[in-house]
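Architecture at a glance
The residues making up each chain are set out below.
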Amino acid sequence: MSNKQLHEIPYSVLDLSPVIVGETPADSLKKTLDLAQHAEKWGYNRYWLAEHHSMPGIASSATSVVIGHVAGGTERIRVGSGGIMLPNHAPLVIAEQFGTLESLYPGRIDLGLGRAPGTDQVTAHALRSENMSNGEDFPEQVDELRAYLKADGGGNRVRAIPGEGLDIPIWLLGSSGFSARLSAQLGLPFSFASHFSPDNTLPALDVYRRNFKPSEVLDKPYAMVGVNVIAADTEEKAAYLATSMQQQFLNLVRGIPSKLKPPVQSMEGIWSPYEKASIDQQLRTTMIGTPETVKAKLQEFLDETKADEMIINAQIFDHQDRLRSYEIVSEVFSK
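Thresholds, definitions, all that
Residues numbered from 1 in each chain as written. Predicted model: local features only at pLDDT ≥ 70, side-chain atom pairs only at ≥ 80, totals over all residues. Heavy atoms only, no water. Buried < 20%, exposed > 50% of the residue type's maximum accessible area, 1.4 Å probe, protein only. Helix = DSSP H or I, 4+ residues; strand = E, 2+ residues; numbered from the N terminus. Pairing = 2+ DSSP bridges. Right-handed = clockwise from strand over helix to strand, strands pointing away. Polar contact = N/O pair within 3.5 Å; in protein donor to acceptor, adjacent residues only side chain to side chain. Contact = heavy atoms within 4.5 Å.

1. Considering the pairing of strand β5 (residues 170–174)
A large share of β5 lies buried, amounting to five of its five residues. Here β5 shows no split at all, with I170, L172 and G174 on one side and W171 and L173 on the other all buried. Of the pairings in the sheet, the one linking strand β4 (residues 109–114) to β5 comprises three bridges and is parallel in character. Following the sheet pairing, G112 is matched in β5 by W171. Here β5 runs beside strand β6 (residues 190–192); their pairing, made up of three bridges, is parallel. Each residue of the ladder has a partner; that of L172, found in β6, is F190. Considered for its hand, the β-α-β crossover made up of β5, helix α6 (residues 177–186) and β6 is right-handed.

Following this line, the structure appears as structure tokens:
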């Protein structure tokens, strides 16, 4: 099988709606819609938003609401969750929310599901109250959710209206082998979080492809991989812009999540050698550089993963620089 080229696969956006130092979530959500409108113009396939909680630097916690906002302000691009953390919710509520979204924006909504809490244990407890799911019943939750969306749901004692009978693509998201195996068993598309779990990427994709069972949804495996890309017109500028993301990961490692900080000339003196090594490892599938550099790195990653699609995350402080980075990526994929 010959290797695919970048221009042969779809490319998408993963947006965490970053809240930057000196701004509010309201500012972030305006920028999210602006980025989505640009992404649609630049040929991106889908625009996914992620559920995180109690994070000062992420504005997309009410993910379904933000998806509605983005879908309402765009025309063609698919909009979805990357992902909804299902253990935080009653499956019925998610079936109704996404049934509503699909009813409002037919043929454009994706439902990506994860089993991590997307937060710390204390916040998870606040979200889940008595229903303390630890993610181990994730397969049962997925089954329950899918049952609500079936066309013959009229026989159910509890029905998802809207939701029942709607064709909403369900994806499983993962950063380990668990969801890879489950999505293979169910014959669902799979999205792997290589942008923060690079070491598990190839093993998880292998598990997914080897165990895949064709379903009414898919006849063969379909794998999307997450990648961090910080692109700019010079290497120096790209390296400078990337320090915002490096500071963000550093604060996560230190247990003090923060707003996205302005870039700095150098990370030396900000992180210890141990912290640098740990973050470099976690950000191994991060492409930083000029269009030429980014293109070469993305093609190499495509050769390695044989991905069917890539979803791009860019934690960049300045909105214009962030737009430019996504514009460069679109040019890299379309040439």
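2. Quick notes on the side chain of S28
Within the secondary structure layout, S28 lies in helix α1 (residues 25–41). Judged by its relative accessible area of 3%, S28 falls in the buried class. A polar atom in the side chain of S28 sits 3.0 Å from the backbone oxygen of P18. Excluding residues that lie within four positions of it along the chain, S28 makes contacts with S17, P18, V19 and A59.

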